[in-house]
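Structural overview for review
Chain by chain, the residues:
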Amino acid sequence: DYIYVIVLTSKNHSEDILECMVAGADDYITKPFIAGELKARIFAANRIVELHEKFISAQNQLKNQATHDFLTGLWNRSGILDILNKELGRAQRDDTSVAVMMGDLDKFKAVNDTYGHNAGDIVLKETARRMTAALRPYDGFGRYGGEEFLIVVPHCDITFAEEVAQRIRRAVCKTPIICDEHELSVTMSMGVTAVCGASPENADVIIHAADAALYVAKESGRNRVQIVDSPVLTGCSA
């Protein structure tokens with residue numbers, strides 16, 4: 001928060017005033033002071049603080065819009081990739097594992113074609129809500145594009161990653177999604193991998209591995225989780 005500082009001083013030489021402002025003061029008033037003058041300066045200070053608060057609020061809104069998906073409220077592609085890079089950097093320093101999952105709604109195009117894009121939006125929002133409920137608060141989760149989602153789970157080996165992915169998959173398909181008078185049965189296929197000690201430079205290779213596993217899940221009948229071994233990474237300690 002911006003703290004507006006008014007200095008009350010008995011010094012009134014220009015060099016003293018300059019020193020005061022350089023030190024961080026926003027305004028000054030010399031002794032003896034007139035109460036009305038001090039009150040007027042406080043009024044001006046309040047206006048400046050209010051403008052600052054509005055500026056910070058607008059700045060935060062712009063930042064949120066730049067990093068979050070407008071439909072689901074999840075991290076957008078750039079936002080979730082930034083989280084992946086940060087978690088890979090942390091895992092490299094701590095020599096810990098990170099699980100990366102790609103999830104894709106099955107036959108989502110048929111939903112849009114049959115029931116319209118509004119129904120598709122409802123399905124995406126409800127899917128995001130169900131997936132969020134199945135994850136820990138500090139897991140990374142974002143809309144990678146279209147009906148595809150990227151999940152980043154820190155401190156997670158491949159065994160635990162499969163459990164998490166199965167929990168997400170079941171959460172998505174457990175009950176139909178209500179859209180107007182229709183009940184839409186929705187399923188998700190997932191590709192999962194986990195790496196230990198990888199670096200942010202390996203992000204593309206890791207995503208590709210999870211995406212390849214997702215493709216196998218689709219080709220194997222959908223509504224399933226496909227695990228892939230850790231990809232070969234340059235500079236990985238494991």
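Preceding block: the structure.
Let me sum up the structure you'll find in this document. (Residues numbered from 1 in each chain as written. Predicted model: local features only at pLDDT ≥ 70, side-chain atom pairs only at ≥ 80, totals over all residues. Heavy atoms only, no water.)

**Concerning the state of the cysteines**
Counting across every chain of the model gives zero disulfides. With no disulfide of its own, C156 lies closest to C196 among cysteine sulfurs, the gap being 12 Å. Using a relative accessible area of 22% as the deciding quantity, one classes C196 as partly exposed. (Disulfide = S-S within 2.5 Å. Buried < 20%, exposed > 50% of the residue type's maximum accessible area, 1.4 Å probe, protein only.)

**Description of the pattern of salt bridges**
All told, the structure shown has eleven salt bridges when counted by the stated rule. Notably, a salt bridge pairs R129 with E126, separated by 2.7 Å at the nearest N-O pair. Residue R129 and its partner E126 are located together in helix α5 (residues 117-133), separated by three residues, close to a single helical turn. Residue E126 is classed as buried on the basis of its relative accessible area of 18%. Across the pair E126 and R130 runs a salt bridge whose closest N-O atoms are separated by 2.8 Å. One end of the pair, E126, and the other, R130, are both in helix α5, four residues apart, so they sit about a helical turn from each other. Each member of the pair, E126 as well as R130, is classed as buried. In this structure, a network of salt bridges that share partners links the residues D27, E37 and R41. (Salt bridge = Lys/Arg side-chain N within 4 Å of Asp/Glu carboxyl O. Helix = DSSP H or I, 4+ residues; strand = E, 2+ residues; numbered from the N terminus.)

**A word on α5**
Between the first and last C-alpha of α5 there are 24 Å, a value that for 17 residues agrees with the 24 Å anticipated at 1.5 Å per step. For α5, the set of buried residues is A119, G120, V123, L124, E126, T127, A128, R130 and M131. (Expected span 1.5 Å × (residues − 1).)

**So, the nonpolar core**
The biggest cluster of nonpolar side chains holds 34 residues, and the ones touching the most others in it are M101, L105 and I168. The set of elements that each furnish at least two residues to this core consists of β3 (97-105), α4 (108-115), α5, β5 (148-154), α6 (158-173), β6 (177-179) and β8 (188-196). I168 has contacts with M101, M131, A134, L135, M188 and M190, leaving out every residue within four places of it along the chain. Core analysis: the next-biggest nonpolar cluster, separate from the first, contains 18 residues, A203, I206, A210 and L214 among them. (Core = buried A, V, L, I, M, F, W, Y, C linked by side-chain atoms within 4.5 Å. Contact = heavy atoms within 4.5 Å.)

**Some thoughts on the packing of α4 against α5**
One way to put it is that α4 packs onto α5 with a least axis distance of 6 Å and a crossing angle of 140 degrees. As summarised for this structure, α4 and α5 are arranged oblique, according to the angle between their axes. For the pair formed by α4 and α5, the contact residues are F108, V111, N112 and Y115 on the first element and H117, A119, G120, V123 and L124 on the second. Its residues assigned to classes, the contact of α4 with α5 shows six nonpolar, three polar and no charged. (Axes fitted to C-alpha atoms, helices over the stretch in contact; angles between N-to-C directions. Parallel < 35°, antiparallel > 145°, perpendicular 65-115°, else oblique. Nonpolar A, V, L, I, M, F, W, Y, C, P; charged D, E, K, R; others polar.)

**A word on the packing of helix α3 (residues 77-94) against helix α7 (residues 203-219)**
Contact geometry for α3 and α7: axes closest at 11 Å, N-to-C directions at 110 degrees. Taken together, the axes of α3 and α7 lie roughly perpendicular to each other. Seen from above, α3 lies across α7 with right-handed handedness. Between α3 and α7, the residues in contact are L81, L84, N85 and L88 and A203, I206 and I207, respectively. Taken together, the residues that form the contact of α3 with α7 break down as six nonpolar, one polar and no charged. (Left-handed = near helix turned anticlockwise from the far one by under 90°.)

**Points about the environment of I158**
By secondary structure assignment, the location of I158 is in helix α6. Aside from chain neighbours lying at most four places away, what touches I158 is V192, T193, A194, I227 and V228.

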